[in-house]
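What follows is each chain in one-letter form.
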Amino acid sequence: MAEEEPKKLESECPSEPTPEPVETPKNLADEKSVIPVPPPPEEKSDDSKALVAVENVKDSGEEKCAEGSINRDAVLARVATEKRLSLIKAWEESEKSKAENKAQKNLSAIGAWEGSKKANVEAELKRIEEKLEKKKAEYVEKMKNKEALIHKAAEEKRAMIEAKRGEDLLKAEEMAAKYRATGSAPKKLLGCF
């Protein structure tokens, strides 16, 4: 009967957890510094002396069981808290990297859009410049042609005036010779009188 009592006590101890509230520390550094080391498992032997020793340490075994369950609960709560915090941190980093990647993608898309629009504007400007250069060349050619026509017309008029002057000089010489031969005076003298 003495053997049955300690076994009965040992089996009851782990199944009865003490309902003490476990406070989860807010600082992880404090948690890590307070982690208790669980007690080593007790070895069971068939010796009656060992059983007697267990009977003598009956109260301390119950305390160890209660302490072990409290420590175990605290450690399990701490592990659960650390796991939750690490999951939250991983999620946060994932969301931050997603946001960073999305922003980088949008920035590169805007950069590409800006580059293509600038290229289109520059191409349009080049086309307009080429068109204006072509029109300018056409106008320059037209103006040179007009200038050449004006110069030709001026030369023709000069030639006509020179020819008329030559005719007028010949006519004046002939009339003067006629008046000299006839001895009469011209009816018009100098045209002013």
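As the structure is a prediction and not an experimental result, all values here were calculated from the model.

Draft legend 1. Inspection of the overall build of the chain at higher detail. When you go through the chain residue by residue, the secondary structure sums to four helices and zero strands. Mapped in sequence order, the helices and strands of the chain form the string α-α-α-α. The proportion of buried residues among the 193 residues of the chain is 5%. The contacts in the chain between residues at least 6 apart in sequence include a share of 89% that link residues at least 24 apart. Accessible surface, the chain as shown: approximately 17,500 Å² in total, 59% of it carbon and sulfur.

Draft legend 2. Structural detail: the pattern of salt bridges. Overall, the coordinates contain six salt bridges when judged by the stated rule. For R127, the salt bridge identified is with E124, shortest N-O distance 2.4 Å. One end of the pair is R127 and the other is E124, both in helix α4 (residues 58–182) and three residues apart, which spans about a single turn. The exposure class assigned to R127 is partly exposed, which follows from its relative accessible area of 47%. Salt-bridge contacts for R158 lead to E155; the nearest nitrogen and oxygen are separated by 2.8 Å. You can see R158 and its partner E155 sitting in helix α4, three residues apart, about one turn around the helix.

Draft legend 3. A look at the confidence of the model for the chain. In this model, the chain carries a mean pLDDT of 77, and residues with pLDDT of at least 70 account for 62%. pLDDT under 50 marks residues 1–34. Its contacts with residues more than four places away, or in other chains, come to 31 contacts. The low-confidence segment residues 47–62 (pLDDT under 50) makes ten contacts with residues lying over four places distant or belonging to another chain.

Definitions and cut-offs
- Residues numbered from 1 in each chain as written.
- Predicted model: local features only at pLDDT ≥ 70, side-chain atom pairs only at ≥ 80, totals over all residues.
- Heavy atoms only, no water.
- Helix = DSSP H or I, 4+ residues; strand = E, 2+ residues; numbered from the N terminus.
- Buried < 20%, exposed > 50% of the residue type's maximum accessible area, 1.4 Å probe, protein only.
- Contact = heavy atoms within 4.5 Å.
- Areas by Shrake-Rupley, 256 points an atom, 1.4 Å probe, with all protein chains shown as cover.
- Salt bridge = Lys/Arg side-chain N within 4 Å of Asp/Glu carboxyl O.
- pLDDT = per-residue confidence, 0-100.

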